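# Structural characterization, general
One letter stands for each residue in the lines below.
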Amino acid sequence: MYALITGASKGIGKEIAVELAKKKYDLLLVARSASQLEDVANEIKGKYSVKVHFLAADLSIPDAARTVHKWVEQNEYQVSVLVNNAGYGSAGNFDRFTVEQNRDMMNLNMITLTEMCQVFLPMLKRHSQAYIMNIASSTAYQALPQMAIYAATKVFVLNFSRALKFELKDSPVSVTCICPGATDTNFNDRASIPEKARKAAEKVAMTPEEVAKISVDAMLAGKTEVIPGFINKLGAFLAWLAPKSITEKVAAGIYE
Ligand SMILES: NC(=O)c1ccc[n+]([C@@H]2O[C@H](COP(=O)([O-])OP(=O)(O)OC[C@H]3O[C@@H](n4cnc5c(N)ncnc54)[C@H](OP(=O)(O)O)[C@@H]3O)[C@@H](O)[C@H]2O)c1
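Residues numbered from 1 in each chain as written. Predicted model: local features only at pLDDT ≥ 70, side-chain atom pairs only at ≥ 80, totals over all residues.

### Notes on the site of the ligand
Around the ligand, the structure places 29 residues, and the nearest of them are G7, G11, R32, S33 and G87. Those elements that place two or more of their residues in the shell around the ligand are helix 1 (11-22) and helix 6 (187-191). In terms of residue count, the dominant contributor to the shell around the ligand is helix 1 (three residues). For the shell around the ligand, the class distribution of residues is 12 nonpolar, 13 polar and four charged. (Near = placed C-beta within 6 Å. Helix = DSSP H or I, 4+ residues; strand = E, 2+ residues; numbered from the N terminus. Nonpolar A, V, L, I, M, F, W, Y, C, P; charged D, E, K, R; others polar.)

### Digging into helix 5 (residues 148-167)
Between its first and last C-alpha, helix 5 extends 29 Å over 20 residues, near the 28 Å set by a 1.5 Å rise per residue. Of the residues making up helix 5, those classed as buried are Y150, A151, T153, K154, V157, L158, S161 and K165. The arc that holds every buried residue of helix 5, seen down its axis, measures 155 degrees, which confines them to one face. Seen from the buried face of helix 5, the exposed residues on the opposite side, beyond 90 degrees, are A163, F166 and E167. Packed against the buried residues of helix 5 are helix 4 (99-125), strand 5 (130-135), strand 6 (173-178) and strand 7 (225-226). (Expected span 1.5 Å × (residues − 1). Buried ≥ 20, exposed ≤ 12 C-beta atoms within 10 Å, placed from the backbone. Arc of directions from axis to C-beta. Contact = placed C-beta atoms within 7 Å.)

### Some remarks on the sheet that holds strand 3 (residues 52-56)
Taking strand neighbours across the sheet as the criterion, the seven strands line up as 3-2-1-4-5-6-7 in an open arrangement whose pairing is parallel. Each edge of the open sheet is held by one strand with a lone partner, namely strand 3 and strand 7. Summarising the sheet, strand 5 and strand 6 pair through six bridges and their orientation is parallel. Looking across to strand 6, one finds that M133 is bridged to T176. (Pairing = 2+ DSSP bridges.)

Have a look at this one:
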């Protein structure tokens, strides 16, 4: 039985792959970088004696989910776990980015994630028990000036996942949404997070290994929505409690 993980070449996705390999799932890894995927595949095969295959694909382009699904069908892999982890943010004012740059992020973080759920659902439903894990973010709990689109894509991921879980309650497919806070990965570099925000994040950042273990355990336990780490749970609670104008001002101040 295979677990398919997007964004598995590094960071949280790679560690989710490791956690699932520990539980003896065979793995299908997807990301853009073939060489990094190959390294991860060899490392996991060597340590955990599971089957690992990979596909190098850009999931921000239209119909990427269909491409992945076709690869799975052609090779007759049976997927019972789907982890939609690939995603990124970009720090800066909304209008600093081109239409294409903003669209690429929305495509990866929302459209491909949604279409992956759609094209893989029939296969997932054929198993007696199957799982979808969607990675959102603690930014799903408030508007985030300077990362306006990124945070909004994660609101989509969270609400879509919750509704899908409800719709699938009488099916064998369980849906779990994970909302990590700051995690020590390549995310900040790709997002060009400014120094002040990095310093603030460093103090509370979790390791990708910690986040992955909590995420996989929560998924297998059938949880709906999970915020890894006490500080991040507290942050989401305070964001809910405080007036929005204040949480937005505080967040914008960190990203200035
Ligand atoms: N780190 C944090 O602080 C944090 C906090 C909350 C939520 N998250 C979320 O956690 C998830 C994983 O991020 P991370 O922190 O592990 O970041 P990361 O270290 O940058 O890893 C991102 C992964 O996604 C893949 N990816 C990026 N663009 C892609 C594309 N167009 N097509 C296919 N794959 C692509 C990357 O591989 P390639 O570059 O090889 O394509 C990599 O495997 C994301 O959804 C992110 O929004 C992260």
